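In case you want the letters, here they are:
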Amino acid sequence: MRVYCDLHLHSCLSPCGDEDMTPWNLVNMAKILGLDLIALTDHNSCGNCRSAMKVGELAGITVVPGMELCTAEEIHCVCLFDDIDRAEAFSSYVRTTLPPVKNREEIFGRQLYMDEGDTVLESEEVLLTTASSISIDALPTLMKEYGGVCFPAHIDRESYSVLSSLGDFPPELEVTAFELTPVASEEDYRKNYPALEGKRLFRSSDAHYLENMREKEFYIELEENTPSALIEYIKRSV
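What you see is a predicted model; the values in this text were computed from it and never measured. (Residues numbered from 1 in each chain as written. Predicted model: local features only at pLDDT ≥ 70, side-chain atom pairs only at ≥ 80, totals over all residues. Heavy atoms only, no water.)

Enquirer: How would you explain the pairing of strand β3 (residues 62–70) if you had to name every residue and give the values?
Expert: Taken across its nine residues, β3 has nine buried, putting it largely inside the fold. Alternating positions in β3 separate into two faces, T62, V64, G66, E68 and C70 on one and V63, P65, M67 and L69 on the other, with burial throughout. For strand β2 (residues 37–43) and β3, the ladder comprises seven bridges, and the chain directions are parallel. In the strand pairing of β3, A39 is matched with V64. Bridge count for β3 against strand β4 (residues 76–81) is five bridges, and the pairing is antiparallel. Residue E68 lies in a different strand from β4, and its bridge partner there is V78. (Buried < 20%, exposed > 50% of the residue type's maximum accessible area, 1.4 Å probe, protein only. Helix = DSSP H or I, 4+ residues; strand = E, 2+ residues; numbered from the N terminus. Pairing = 2+ DSSP bridges.)

Structure representation (structure tokens):
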């Protein structure tokens, strides 16, 4: 079945995410835009995923629990799970790998945990945009241990991407997919980087504001519109 999706969205838990990006707002905006499936991928945390999934059940939108992990090399990677318990367990582990840098709300903004009704539960005190101690080489194996998958985010960007940090794709990097921003040319990247052969290339909004979420345009073919079907799809090469 054709599933219109956005696999990279932030909520108000991300310090750079607008406070209007509440679980209720972002899920229902996805519905208005015609999306069938979204992934909530806050910086270094899955803390708002459970609430967004509950909203998704009401709105008829599949919400995949996820995270945008910042590796030790300062490379952003999208991590996705088919189970909220495993996602939260991974999130708890990632928390232990972050430096104890306190968030400065006057500079970075608040990092808000919310329930499915958008009630603020608490504010995260540790800054979530710092680099973890997890290397990009170790991440794919670690994701398998937690039942998830990962892929490098926005590889065409000049910062926080695998190309900007390392200059090329490490041959030992065991991933089956990569992410491009909506403005990048898939044809050019496949032509210029042989390492992308046989890999899936996703396009996502990386939206931090409601107005940056995009109408349905990118779709994938899944057996069913579920997190499990998405994870299995990503595991398979093109």
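Enquirer: So what's going on with the side chain of E124? Residues and values would help.
Expert: Inspection of the secondary structure puts E124 in the loop between β6 (120–123) and α5 (139–145). At 2.9 Å, the side chain of E124 forms a polar contact with the backbone nitrogen of V126. (Polar contact = N/O pair within 3.5 Å; in protein donor to acceptor, adjacent residues only side chain to side chain.)

Enquirer: Residues and numbers for the packing of aromatic side chains, please.
Expert: Here the structure, examined in full by the defined rule, presents ten aromatic pairs. Feature note: the residues F81, F90, Y93 and Y146 constitute an aromatic cluster, connected by ring pairs. Positioned above the aromatic ring of Y219, the side-chain terminus of R2 is 3.8 Å from the ring centre. (Phe/Tyr/Trp six-rings, centres within 6.5 Å; stacked < 30°, edge-to-face > 60°. Lys NZ or Arg CZ within 6 Å of the ring centre and 35° of its normal.)

Enquirer: An account of the packing of helix α1 (residues 23–32) against helix α2 (residues 49–59) is needed here, citing residue identities and associated values.
Expert: For the pair α1 and α2, interaxial distance at closest approach is 9 Å and the crossing angle is 40°. Considering their axes alone, α1 and α2 lie oblique with respect to each other. Where α1 crosses over α2, the handedness of that crossing is right-handed. Contacts between α1 and α2 pair P23, W24, V27, N28 and K31 from the former with S51, A52, V55, G56, L58 and A59 from the latter. Residues of the contact of α1 with α2, tallied by class, amount to seven nonpolar, three polar and one charged. (Axes fitted to C-alpha atoms, helices over the stretch in contact; angles between N-to-C directions. Parallel < 35°, antiparallel > 145°, perpendicular 65-115°, else oblique. Left-handed = near helix turned anticlockwise from the far one by under 90°. Contact = heavy atoms within 4.5 Å. Nonpolar A, V, L, I, M, F, W, Y, C, P; charged D, E, K, R; others polar.)

Enquirer: So what's going on with the nonpolar core? Which residues, and what values?
Expert: By size, the foremost hydrophobic cluster in this structure holds 54 residues, and its most contacted members are V27, I38, F90, L139 and M213. It is α2 that provides the largest number of residues to this core, a total of five residues. Excluding residues that lie within four positions of it along the chain, I38 makes contacts with D6, L9, L26, V27, A30, I61, T62, V63 and V64. One finds V3, A177, I220 and I231 within the second-largest nonpolar core, a separate group that totals 21 residues. (Core = buried A, V, L, I, M, F, W, Y, C linked by side-chain atoms within 4.5 Å.)

Enquirer: Account for the sheet that holds strand β7 (residues 148–152), with residues named and values stated.
Expert: Taken in spatial order, the six strands make up an open sheet running β7-β4-β3-β2-β1-β10, and their pairing is mixed. Unpaired on one side and paired on the other, β7 and β10 (219–221) mark the two borders of the sheet. Shown here is a sheet whose adjacent strand axes are inclined to one another by a mean of 30°, direction ignored. Helix-sheet contacts for helix α3 (residues 84–96) involve β3 and β4, and the interaxial angle to β3 is about 15°.

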